[in-house]
Amino acid sequence: MSRGTRGGGAHEDGTHGGGAHKDGVHGGGAYGGGAHGDGAYGGGARSASRDAAGSAPKGGAPRPHLSHRVPDLGALELLLAVARHGSLGAAAREVGITQPAASSRIRSMERQLGVALVDRSPRGSRLTDAGALVTDWARRIVEAAEAFDAGAQALRGRRDSRLRVAASMTIAEYLLPGWLIALRAERPDTAVSLQAGNSAAVAERLFAGDADVGFVEGLAVPDGLDGAVVAHDRLAVVAAPSHPWARRRAPLDPAELAATPLVLRERGSGTRQVLDAALAAHGGLARPLLELASTTAVKAAAVSGAGPAVLSELAITEELASRRLVAVPVEGVVLRRDLRAVWPAGHRPTGPARDLLSLTRDRP
């Protein structure tokens, strides 16, 4: 018995088996850990290669890529079909190619391996002894590839079964519901969870891996994220009809707006970022009259007469139409902003997240 065994025993002649082989033609470690006399192929050869090259100090010769020495899966599947049918023509039909193409592929594989694999005759095609040995190796490789493919499909299925979205308040309340309804029509089996917060919180959830895609309202894409503009929005200064600003004829100038205590969103929100930047050159915002953590709360405070507020035009359509709020014109300041989809840098969304992005539309 030669060095090492695998399965039931060892082989001296190297023809085939589950154990070790003296001449190193083949062993239980063709891709595993079997032992080989001269290491011509198999686990021993791979170990020797690692010792000689793969684990060599820096500057040593690199190990040759395995892809240069192993036929592709299509060729191996064709060889297995030849073994099953004993006919190159039948094998070609099974794999969906012409017989000349099958003959060419077999010849190419024989040149690559340096051995004859198939004897062709008028009575059919028969594997050579080397062909039978290679076919056994090929079967294990193809089975492993099928298991790999099945596992990858399972991973894709698990990924596609859920979608975690993080969005800033305005987008979560006024844009995402329509997008998610459209997504459900395309992916009825995908469970969607939506986490709403300010733009800073959206970025934190993406960095923590707690969301697959996010939507923010700030001035720019947060550091560490990539993004794309999906819509535009404008901020409006509004007040209750009883407020003096609701009756004024002349537009507000930026200095007056900056000096007036307002009902505002908290720091870290996209609305606050845009307003802070727009009024920075005019003395900056006065201390807020109220600082609230949601668009709905700011709107309710403004409607109650607590004071003027700055809100997204998306959020106040009904209140303006019913005259519960009045838009106050402002000149000399730009309150337009981009709404963006964002994701971790270098990891563009896939699966349901990618499909959701395709449903968003950039609006003027």
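All of the points below concern the structure found in this document.

What counts and what doesn't
- Residues numbered from 1 in each chain as written.
- Predicted model: local features only at pLDDT ≥ 70, side-chain atom pairs only at ≥ 80, totals over all residues.
- Heavy atoms only, no water.
- Helix = DSSP H or I, 4+ residues; strand = E, 2+ residues; numbered from the N terminus.
- Contact = heavy atoms within 4.5 Å.
- Areas by Shrake-Rupley, 256 points an atom, 1.4 Å probe, with all protein chains shown as cover.
- Axes fitted to C-alpha atoms, helices over the stretch in contact; angles between N-to-C directions.
- Parallel < 35°, antiparallel > 145°, perpendicular 65-115°, else oblique.
- Nonpolar A, V, L, I, M, F, W, Y, C, P; charged D, E, K, R; others polar.
- Patch = residues over 30% accessible without salt bridge, like charges linked within 9 Å, V, L, I, M, F, W, Y side chains within 5 Å.
- Salt bridge = Lys/Arg side-chain N within 4 Å of Asp/Glu carboxyl O.
- Lys, Arg positive; Asp, Glu negative; His and termini not counted.
- Charge placed at Lys NZ, Arg CZ, Asp CG, Glu CD.
- Buried < 20%, exposed > 50% of the residue type's maximum accessible area, 1.4 Å probe, protein only.
- Pairing = 2+ DSSP bridges.
- Left-handed = near helix turned anticlockwise from the far one by under 90°.
- Phe/Tyr/Trp six-rings, centres within 6.5 Å; stacked < 30°, edge-to-face > 60°.

### As for the overall build of the chain
(1) Moving on: Scanning the chain for helices and strands turns up 13 helices and 11 strands.
(2) Moving on: Considering only intrachain contacts with a sequence separation of at least 6, the fraction spanning at least 24 residues in the chain is 63%.
(3) Moving on: Accessible area of the chain: about 18700 Å², with a carbon and sulfur share of 53%.

### Description of the packing of helix α3 (residues 88-95) against helix α4 (residues 99-113)
A pair of packed helices can be characterised by two numbers: the angle between their axes and the separation between those axes.
(1) Moving on: It is the contact of α3 with α4, at a shortest axis distance of 8 Å, that shows an interaxial angle of 100 degrees. Compared by their axis directions, α3 and α4 come out roughly perpendicular. Of α4, the residues touching α3 (which contributes Leu88, Gly89 and Ala92) are Gln99, Ala102, Ser103 and Ile106.
(2) Moving on: A class-by-class count of the residues in the contact of α3 with α4 yields four nonpolar, three polar and no charged.

### Describing a negative patch on the surface
(1) Moving on: On the surface, Asp72, Glu77, Glu143, Glu146 and Asp149 cluster together into a patch of negative charge.
(2) Moving on: Per element, the largest residue contribution to the negative patch is three residues, and it comes from helix α5 (residues 129-160).
(3) Moving on: Counting through the fold element by element, Glu77 comes out in helix α2 (residues 73-85).
(4) Moving on: Overall, Glu77 belongs to the partly exposed group, its relative accessible area being 37%.

### Some details on the pairing of strand β5 (residues 213-216)
(1) Moving on: Burial along β5 is two-sided: the residues Val213 and Phe215 and Gly214 and Val216 are all buried.
(2) Moving on: Pairing analysis gives three bridges linking strand β3 (residues 162-168) to β5, with the strands arranged parallel. Bridge pairing in β5 places Ala166 opposite Gly214.
(3) Moving on: Bridge analysis of β5 against strand β11 (residues 336-344) gives three bridges, and the strand direction is antiparallel. Across the sheet, Gly214 pairs through a bridge with Val342, a residue of β11.

### A closer look at helix α10 (residues 270-279)
(1) Moving on: Here α10 lies mainly inside the structure; seven of its 10 residues are buried.
(2) Moving on: When we look at burial in α10, the residues that qualify are Gly270, Thr271, Arg272, Val274, Leu275, Ala278 and Leu279.

### Comments concerning the packing of α2 against α3
(1) Moving on: In contact at an axis separation of 8 Å, α2 and α3 are set at 130 degrees when each is read in the N-to-C sense. Comparing the axis directions of α2 and α3 gives the class oblique. The interaxial crossing formed by α2 with α3 has right-handed handedness. Of the residues in α3, those touching α2 at Glu77, Leu78, Ala81, Val82, Arg84 and His85 are Leu88, Ala90, Ala91, Ala92, Glu94 and Val95.
(2) Moving on: Taken together, the residues of the contact of α2 with α3 sort by class into eight nonpolar, one polar and three charged.

### Quick notes on the environment of Arg164
(1) Moving on: Mapped onto the elements, Arg164 comes out in strand β3.
(2) Moving on: Measuring from C-alpha to C-alpha, the distance between Arg164 and Ala353 comes to 8.2 Å, with 189 residues separating the pair along the chain.
(3) Moving on: Those residues in contact with Arg164, other than ones at most four positions away along the chain, are Ser193, Gly209, Asp210, Ala211, Asp212 and Val213.

### Side note on the packing of aromatic side chains
The description of an aromatic ring pair rests on the distance of the ring centres and on the angle between the ring planes.
(1) Moving on: Per the counting criterion, the structure on display carries one aromatic pair.
(2) Moving on: For the ring pair Trp179 and Phe215, a centre distance of 5.5 Å and an interplane angle of 45 degrees mean the geometry is tilted. Here Phe215 lies in strand β5 and Trp179 lies in helix α7 (residues 176-186), a separation of 36 residues in the sequence. Residue Trp179 shares its accessibility class with Phe215, and that shared class is buried.

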